[in-house]
Amino acid sequence: MKYISTRGEAPAKKFTEILLGGLAPDGGLYLPEKYPQVTRAELDDWRNLSYADLAFAVLSKFMTDIPAADLKQIVHRTYASGNYRNGRADSDIQQIVPLRTLEPGLHILELSNGPTLSFKDMAMQLLGNLFEYVLEKQGEELNILGATSGDTGSAAEYAMRGKRGIRVFMLSPYGKMSAFQRAQMYSLQDPNIFNIAIRGVFDDAQDLVKGVSNDHEFKARYKIGTVNSINWARVSAQIVYYFKGYFAATQSSDESVAFSVPSGNFGNICAGHIARMMGLPIGQLILATNENDVLDEFFRTGVYVPRAANRTYHTSSPSMDISKASNFERFIFDLVGRDATTVCELWTKVDAGGAFDIKGMPCWHDLPGFCFASGKSSHLDRMKIIREIWQNFGVMVDTHTADGIKVGLEQRRPNLPLICLETALPAKFEESIIEALGRNPERPAGLECIEKLPQRVELMDANLEMLKAYISAHAMTY
Ligand SMILES: *Cc1c(COP(=O)(O)O)cnc(C)c1O
């Protein structure tokens, strides 16, 4: 399996050659040259596999340059029940991503039982083991630099903690995260994890990361890398749970299902799109946004108008407060029949701060064939859904999952079982749960007193030179 760039100007590469990098050298995103196809016989064979065996079966089709025995070992180590806590008292944790049926035809796929209580662990835990494996093979080391306002940073730190050859420098905005989120990250005592709280907002932290990345000499000398949502291994790891959810919600592979997906950077639903392209019978991919609705606007009108950070709302589903979806280019590449010239034209506009409109283009008529539906949700909508799901089914959902359920119920087609992806546990968003239900969310065992643990964090001004000095003092080099 070779990987090509959506902009068409980069040489084709193998999986392990693109694993550690970000964008392709031509500025595009990597995708498989051709999507592997899953036969009906394979679907039948895979139906009863454990999560780890299913992950091995799916990922073997993409990660073809890792010897099968090694990949199998990595996948089994990643998706072992010891890494996944009992998110809810009656979850069957052996399944890694249990399907919870609310009523016939309406399900929640629990993706948030990993160490940091969001679905980001599903991909990031695998990434940690893949990075360690490939770095060791290549005799290399890596310093991961990132900025976070919540879920990504903690998922990355818990995936990379204690890994050989890897250090993590994670910037977060000082005083802008919840006490629980701070405790989750800053209580890590592993010597390869460096938390840096920046006096400023998330965008200041993000700008510092860009500042370091633009210094090519520094970046090369200190072997700086990232784990952001465009990483292909993250997208591919997420394909697996669409298969698992499908098998859990159906009796036979003649049936189709709908997935509803709370979306921000389009990484999660991109994996669903690829699962469908591989032949998984998905009848509907329902994209849910919050008040930051650029993707919903695109699927309704054909017009994509990314917004600047200062025009992005802060909402009660903060992990979806995104107005420029970094993985969207992967879908558009498929939508325009994999014509890289068209992608370049469209993204010349986006990269210059503009918008594009596909209504006059032939691909507008192809869009329905990709089975997307979309909608948006507001603060009041998600409060109402959290209350309804609690009252009707005794199940507590977080604000992001609530956005997905709201839009899923609105857009679903009759007779298509609806699988709502749970992207975080309510424990991560306590204030919103108290507002909706007047009570605290349950905390998974072991996290009851996490705020009381000692914390390890460096407080720093938003100053590029200071950050570089800190990295050079603590990074591994030869
Ligand atoms: C990251 C995240 C999302 C958005 O996922 P994308 O892959 O960026 O679309 C939704 N909900 C939660 C809780 C998240 O952490």
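Residues numbered from 1 in each chain as written. Predicted model: local features only at pLDDT ≥ 70, side-chain atom pairs only at ≥ 80, totals over all residues. Heavy atoms only, no water.

Details of the nonpolar core
Inference 1: In this structure, Tyr79, Tyr242, Phe243, Phe266 and Phe328 are the most contacted members of the largest nonpolar core, which totals 113 residues.
Inference 2: Beyond its immediate chain neighbours, meaning those up to four positions away, Phe266 contacts Leu287, Leu295, Phe299, Ala325, Asn327, Phe328, Phe331 and Phe372.
Inference 3: By size, the runner-up hydrophobic cluster in this structure holds 23 residues, among which are Ile405, Val407, Leu418 and Leu437. (Core = buried A, V, L, I, M, F, W, Y, C linked by side-chain atoms within 4.5 Å. Buried < 20%, exposed > 50% of the residue type's maximum accessible area, 1.4 Å probe, protein only. Contact = heavy atoms within 4.5 Å.)

Some points on the sheet that holds strand S6 (residues 166–173)
Inference 1: One open sheet holds the five strands; their spatial order is S8-S5-S6-S7-S15, and the pairing between them is parallel. Bordering the open sheet on either side are strand S8 (224–225) and strand S15 (458–461), each of which pairs with just one other strand.
Inference 2: Where strand S7 (residues 193–199) and S15 come together, four bridges link them in parallel fashion. Residue pairing in the sheet places Arg199 in a bridge with Asp461 of S15. (Pairing = 2+ DSSP bridges. Helix = DSSP H or I, 4+ residues; strand = E, 2+ residues; numbered from the N terminus.)

Focus on the site of the ligand
Inference 1: Near the ligand there are 15 residues, and of these Lys120, Asp151, Gly264, Asn265 and Asn268 occur at the shortest range.
Inference 2: Contacts to the ligand include Lys120, whose side-chain N or O atom sits 2.5 Å from an oxygen atom.
Inference 3: Within the backbone of Phe266, an N or O atom sits 3.1 Å from an oxygen atom of the ligand.
Inference 4: In the shell around the ligand, the residues fall into five nonpolar, eight polar and two charged. (Near = heavy atom within 4 Å. Polar contact = N/O pair within 3.5 Å; in protein donor to acceptor, adjacent residues only side chain to side chain. Nonpolar A, V, L, I, M, F, W, Y, C, P; charged D, E, K, R; others polar.)

Things to note about the pairing of S6
Every other side chain in a regular strand lies on the same face of the sheet, so the side chains alternate between the two faces.
Inference 1: With seven of its eight residues buried, S6 lies for the most part within the structure.
Inference 2: Sheet topology places strand S5 (residues 142–147) next to S6; six bridges connect them, and they run parallel. Its bridge partner lying in S6, Asn143 is registered against Arg167.
Inference 3: In terms of handedness, the path from S5 via helix H6 (residues 151–160) over to S6 forms a crossover that is right-handed.
Inference 4: Looking at chain direction, S6 and S7 are connected through six bridges and run parallel. The residue of S7 that forms the bridge with Ser172 is Ala197.
Inference 5: Remark: the S6/helix H7 (residues 179–186)/S7 crossover connection has right-handed handedness. (Right-handed = clockwise from strand over helix to strand, strands pointing away.)

As for the packing of helix H3 (residues 51–59) against helix H10 (residues 232–249)
Inference 1: H10 packs onto H3 with a crossing angle of 125° between their chain directions and a minimal axis gap of 9 Å. Taken together, the axes of H3 and H10 lie oblique to each other. In this structure, H3 crosses over H10, and the sense of that crossing is right-handed. Along the contact surface, H3 presents Tyr51, Leu54, Ala55, Val58 and Leu59, while H10 presents Ser236, Ala237, Ile239, Val240, Tyr241, Phe243, Lys244 and Phe247.
Inference 2: Partitioning the contact of H3 with H10 into residue classes produces eleven nonpolar, one polar and one charged. (Axes fitted to C-alpha atoms, helices over the stretch in contact; angles between N-to-C directions. Parallel < 35°, antiparallel > 145°, perpendicular 65-115°, else oblique. Left-handed = near helix turned anticlockwise from the far one by under 90°.)

Considerations on the pattern of salt bridges
Inference 1: All chains considered together, the criterion is met by 27 salt bridges.
Inference 2: Close ionic contact of Lys428 with Asp151 constitutes a salt bridge, the shortest N to O distance being 2.9 Å. You can see Lys428 sitting in the loop between strand S14 (418–422) and helix H18 (430–437) and its partner Asp151 sitting in helix H6, a full 277 residues away along the chain. One exposure class covers both Lys428 and Asp151, and it is buried. (Salt bridge = Lys/Arg side-chain N within 4 Å of Asp/Glu carboxyl O.)

Let's talk about the packing of H3 against helix H4 (residues 68–78)
Inference 1: Put simply, H3 and H4 touch, their axes get as near as 9 Å, and they point 140° apart. Classified by the interaxial angle, the pair formed by H3 and H4 is oblique. Here H3 and H4 pass one another in a crossing that is right-handed. Here Ala52, Asp53, Ala55, Phe56 and Leu59 of H3 lie close against H4, whose contacting residues are Ala68, Leu71, Lys72, Val75 and His76.

Digging into the packing of aromatic side chains
To describe a pair of aromatic rings, one takes the distance between the centres and the angle between the planes.
Inference 1: In this structure the tally under the stated criterion is 32 aromatic pairs.
Inference 2: Measuring from ring centre to ring centre gives 6.4 Å for Tyr3 and Phe15, while their planes differ by 55°; the resulting arrangement is tilted. Remark: Phe15 occurs in helix H1 (residues 15–18) and Tyr3 occurs in strand S1 (residues 3–5); sequence separation between them is twelve residues.
Inference 3: Measuring from ring centre to ring centre gives 6.3 Å for Phe169 and Tyr470, while their planes differ by 90°; the resulting arrangement is edge-to-face. Of the two residues, Phe169 sits in strand S6 while Tyr470 sits in helix H19 (residues 464–474), which places them 301 residues apart along the sequence.
Inference 4: In this structure Phe169 comes out as buried when scored by relative accessible area, which is 0%.
Inference 5: An aromatic cluster is built from Phe266, Phe298, Phe299, Tyr304, Phe328, Phe331, Trp347, Phe356, Phe370 and Phe372, whose rings are joined through pairwise contacts.
Inference 6: One Lys or Arg, Arg456, reaches over the ring of Phe194 and ends 5.9 Å from the middle of that ring.
Inference 7: Over the face of the ring belonging to Phe218 we find Lys468, whose NZ or CZ atom lies 5.7 Å from the ring centre. (Phe/Tyr/Trp six-rings, centres within 6.5 Å; stacked < 30°, edge-to-face > 60°. Lys NZ or Arg CZ within 6 Å of the ring centre and 35° of its normal.)

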